[in-house]
Amino acid sequence: MVVLLTLASYLAGWLVGIPALMPFLNAAGAWWMMVRELRAGRVTRAIAIMLVWAATMAVVATVIAAAGWNVSGGRDLFLQSDYREQMLEWVRTGVGPESQPSVFIPRHAGYAAVFAMAALATGGLLGMPMGAMLMNSMGDYVGTMTGASAHPVASALLGWHPWAVVRIVGFVILGVVLSGPLVARVSGTRFDLRAHRGWIGAGAGLLALDILLKAVLAPWWGRLLRGLAGW
């Protein structure tokens, strides 16, 4: 169900043609499914659903960009097109924030803090669209690279850097668990955040691992992608 809802959200976003609405359309159906599971106390199932949602977004956003459908009527369908250009420049030259811990660590910490506060304060209503925006930005970059690559399949797979995948899983776990208290309060159910501190620790640990992997692997990974693309 979450796969179909996500596919439909991209079609709706394409038809509407307003980039700012795309993340909210992407998140709507998945948020409803997450809330349903949280209300029933099925946290693990809620996390699993949201991981499927994130994986679906990764595939669809990459395909859209690889096919050149990420631009409609001369406008970018996804937000943060400057991120796409920044990442492509990094692949071409090895120069960019992706290989600069002094730049990406504060940025990652800021994103994580804003995302966590949004999930906790709004029950995921704002946290999930933020996550969708970041997913689409990544897919936009990977798909654009894939469309111009000498080895498109390898570029599509490896363009989703291992540290980015780790970060996505961490965000999903934290987003679901931190959405729980407000969902429970509004729906009249119970959700003890302390009972899920293991999940919170896992999510935070994955975000820390993301930074470590990126600091170690990014320079080498950029050269790998450059070779695959034939640039």
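Residues numbered from 1 in each chain as written. Predicted model: local features only at pLDDT ≥ 70, side-chain atom pairs only at ≥ 80, totals over all residues. Heavy atoms only, no water.

Student: I keep staring at the overall build of the protein chain and nothing clicks. Help me out?
Tutor: The helix and strand tally for the protein chain stands at nine helices and two strands. Reading the secondary structure of the protein chain in the N-to-C direction produces α-α-α-β-β-α-α-α-α-α-α. Relative to the 2.2 N^0.38 estimate, which gives 17 Å for 231 residues, the radius of gyration of the protein chain is 18 Å and therefore close to what a compact globule would have. Along the longest, intermediate and shortest principal axes, the C-alpha atoms of the protein chain span 55 × 40 × 25 Å. In the protein chain, once contacts between residues fewer than 6 apart in sequence are set aside, the share between residues at least 24 apart is 75%. When the accessible surface of the protein chain is split by element, carbon and sulfur atoms take 70% of a total near 10,600 Å². Distance between charge centres in the protein chain, computed from 16 positive and 9 negative side chains, equals 10 Å. (Helix = DSSP H or I, 4+ residues; strand = E, 2+ residues; numbered from the N terminus. Rg over C-alpha atoms; globule rule 2.2 N^0.38 Å. Contact = heavy atoms within 4.5 Å. Areas by Shrake-Rupley, 256 points an atom, 1.4 Å probe, with all protein chains shown as cover. Lys, Arg positive; Asp, Glu negative; His and termini not counted. Charge placed at Lys NZ, Arg CZ, Asp CG, Glu CD.)

Student: What should I look at first to understand the environment of glycine 96 in this one?
Tutor: Of note, glycine 96 is situated in the loop between α4 (81–93) and α5 (101–122). When the C-alpha atoms of glycine 96 and alanine 109 are compared, they prove to be 18 Å apart, with 13 residues separating the residues in sequence.

Student: When you look at the confidence of the model for the protein chain in this model, what are you seeing that I'm missing?
Tutor: Segments scoring low in pLDDT should not have their predicted coordinates read at a detailed level. Averaged over the protein chain, the pLDDT score is 93; the fraction of residues at 70 or greater is 99%. The secondary-structure element of the protein chain with the lowest mean pLDDT is strand β1 (residues 71–72), recorded at 70, while helix α3 (residues 43–66) shows the highest, at 97. (pLDDT = per-residue confidence, 0-100.)

Student: How should the nonpolar core be read in this particular structure?
Tutor: Nonpolar side chains in soluble globular proteins tend to be buried together. Counting 49 residues, the largest nonpolar core has Met50, Trp53 and Tyr141 as the members making the most contacts within it. Looking at this core, the elements that each hand over two or more residues are α1 (2–16), α2 (22–39), α3, α4, α6 (127–147), α8 (162–187) and α9 (197–229). It is α3 that contributes the most residues to this core, 12 residues altogether. Apart from the residues within four sequence positions on either side, tryptophan 53 is in contact with Val2, Thr6, Asn26, Ala27, Ala30, Met128 and Ala132. One finds Phe115, Met130, Phe171 and Leu207 within the second-largest nonpolar core, a separate group that totals eight residues. (Core = buried A, V, L, I, M, F, W, Y, C linked by side-chain atoms within 4.5 Å. Buried < 20%, exposed > 50% of the residue type's maximum accessible area, 1.4 Å probe, protein only.)

Student: When you look at the packing of α4 against α9 in this model, what are you seeing that I'm missing?
Tutor: Two quantities define a packed helix pair, namely the angle between the axes and the distance from one axis to the other. Relative orientation of the contacting elements α4 and α9 amounts to 85°, with a least axis distance of 7 Å. Considering their axes alone, α4 and α9 lie roughly perpendicular with respect to each other. Of α9, the residues touching α4 (which contributes Trp90, Val91, Arg92 and Thr93) are Ala218, Trp221, Gly222, Leu225 and Arg226. For the contact of α4 with α9, the per-class residue count stands at five nonpolar, two polar and two charged. (Axes fitted to C-alpha atoms, helices over the stretch in contact; angles between N-to-C directions. Parallel < 35°, antiparallel > 145°, perpendicular 65-115°, else oblique. Nonpolar A, V, L, I, M, F, W, Y, C, P; charged D, E, K, R; others polar.)

Student: Looking at this model, I keep getting lost on a nonpolar patch on the surface. Mind explaining?
Tutor: On the surface, a cluster of nonpolar side chains totalling about 640 Å² of accessible area is made up of Leu11, Trp14, Leu15, Val59, Val63 and Trp69. Going through the elements one at a time, α1 and α3 are the ones with two or more residues in the nonpolar patch. By residue number, the principal contributor to the nonpolar patch is α1, which donates three residues. Counting through the fold element by element, tryptophan 69 comes out in the loop between α3 and β1. Note on tryptophan 69: relative accessible area 49%, which makes it partly exposed. (Patch = residues over 30% accessible without salt bridge, like charges linked within 9 Å, V, L, I, M, F, W, Y side chains within 5 Å. Salt bridge = Lys/Arg side-chain N within 4 Å of Asp/Glu carboxyl O.)

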